[in-house]
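Observations on the model geometry
Spelled out, the chains give:
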Amino acid sequence: MRDVSVKNIANPSANISNITSIAPKKPVNSANAMEIPAEPLMIRSNWPTFDIKSKLNGIRYSPSFRRTKQAGSMSGEIWGDLWSSNQSAFARRYMTTVVEKETLVCLAADLRTMDEISALITEVGPYIACLKLHVDIVNDWNIEGWMRICNEARSQGVAIWEDRKFADIGRVSRQQMAGAFDIRSWADIVTAHLISGPDIIQGLQDGWSDVERDGGVLLLAQMSSRGNLLDEKYTKTVVNLGNKEDGVLGYIGNGSDPGAIQALREIVGSNRMIWTPGINLTIGDGVAGQRYGHPREAVLAGSDCLIVGSGIHQSQDRRVAAAEYARISWQALLDR
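Residue numbers here run from 1 along each chain, matching the order of that chain's written sequence. At least 70 in pLDDT is required for a residue's local features to be given in this predicted model, at least 80 for side-chain atom pairs to be given and counted, and no such filter applies to totals for whole chains, interfaces and linings, which use all residues. With hydrogens and water excluded, all non-hydrogen atoms of the structure serve as input to the side-chain values.

1. Considering the packing of helix α8 (residues 232-242) against helix α9 (residues 258-268)
Comment: axis = line fitted to C-alpha atoms, over the contacting stretch for helices; angle = value between 0 and 180 degrees taken between N-to-C directions. Each helix corresponds to a stretch of at least 4 residues labelled H or I by DSSP, and each strand to a stretch of at least 2 residues labelled E; elements are numbered beginning at the N terminus. Where α8 meets α9, the axes come as close as 10 Å, and the angle between the chain directions of the two elements is 35 degrees. Handedness of the crossing formed by α8 with α9: right-handed. Every residue of α9 that contacts α8 at Thr 235, Lys 236 and Val 239 is listed here: Leu 264, Ile 267 and Val 268. Grouping the constituent residues of the contact of α8 with α9 by class yields 4 nonpolar, 1 polar and 1 charged. Each crossing gets its handedness from the near helix: less than a right angle anticlockwise from the far helix is left-handed, clockwise is right-handed. Here, two residues are considered to be in contact whenever any of their heavy atoms come within 4.5 Å of each other. The residue classification treats Ala, Val, Leu, Ile, Met, Phe, Trp, Tyr, Cys and Pro as nonpolar and Asp, Glu, Lys and Arg as charged. All others, Gly included, are polar.

Structure, rendered in structure tokens:
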């Protein structure tokens, strides 16, 4: 890796009124679609930056929002083959955001109320590149409050991922993208099993097309939970099929096992991304069969996005915890 300047900001809570979009969404014209504000996937600001290599005393690490042109020129050097081999505009938007914010962290906000989720985004938004949600576990869900959460996330340059692990046939999955939660209208990314065959990918993409939006599908190739049934043969089949589909953003890998991530990278190659759950600074077994691996080891093994939940939202100081995961993930990417 060639030497690249690493910069950030001292005040992540600065005024964000200058944030501007780079890729406006098309307006929603479908008669069956919910009318929602047109929002870009990624939003960027012109906040100033400074050099963190000097390890300024008393200032907590905080990622920068680089200007779009600067981040774009740096992305190819930092991401290497993954950038040059990946023709997906959606993937490149994520990679550019990582460079702008200096973080590979996706926050898994598995919380039960909208107020809890909103407060968490406000607190740690500057340190994350993506927000992973489970809309169907939110007890007080309503569309108005949910759109406020989505808009708050986007105002901080955060992509929105609904982790609704779709697994049905393509036609049904397309219908499920609509339904009571209208996932197609606010999610930028969704997760899917490929157990029903590759037509599910087109069904999900058709769901976005119904409201004139685009999005990316993450396929489950591995899992980090104890005793899961996704064996090596299944993993290879998922990757072989998924690499042929333009709508596939990448694959879910096993973040608790660097060896498994490395093996997955060898199968996937450099034209798709690997996103990994099971990440925590405290490695080992967690509750309900979950297992955890260290963020730096995961990135060095080939992970392109670290999915962190309890390591942030159950910390005593969530802002400091998110900043530390961001710092570790960014430095690991530079060292990779």
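2. A closer look at the pattern of salt bridges
Working definition: two side chains of opposite charge can pair if their charged atoms are close together. Within this document, salt bridges are pairs made up of a side-chain nitrogen of Lys or Arg and a carboxyl oxygen of Asp or Glu, the two lying within 4 Å of each other. In the structure shown here, the tally under the stated rule is 15 salt bridges. Each of Asp 110, Lys 132, Asp 163 and Lys 165 takes part in one network of salt bridges that share partners.

3. Structural notes on the pairing of strand β9 (residues 216-220)
Burial within β9 is extensive, with 5 of its 5 residues counted as buried. For every residue, the accessible area obtained with a 1.4 Å probe (protein chains only) is divided by the maximum for its type, and the residue is called buried under 20%, exposed over 50%, and partly exposed between those limits. On β9, burial covers both faces: Gly 216, Leu 218 and Leu 220 on one face and Val 217 and Leu 219 on the other are all buried. Think of it this way: DSSP has to see at least two bridges between two strands before they count as a pair. Sheet topology places strand β8 (residues 189-192) next to β9; 4 bridges connect them, and they run parallel. If you follow Ile 189 over to β9, its bridge partner there is Gly 216. Think of it like this: strands point away, you trace from the first strand over the helix to the second, and a clockwise trace means the crossover is right-handed. For the crossover from β8 across helix α7 (residues 199-209) to β9, the handedness is right-handed. Where β9 lies against strand β10 (residues 248-252), 4 bridges are found, and the strand directions are parallel.

4. Here we look at the sheet that holds β9
Taken together, 8 strands build a closed barrel; the order of strands is β5-β6-β7-β8-β9-β10-β11-β14 and the barrel is parallel. Put simply, the sheet's adjacent strands are angled 30 degrees from each other on average, direction ignored. Here 3 bridges tie strand β5 (residues 105-108) to strand β14 (residues 305-308), and the two strands are oriented parallel to one another. Directly across from Cys 106, in β14, lies its bridge partner Ile 307.

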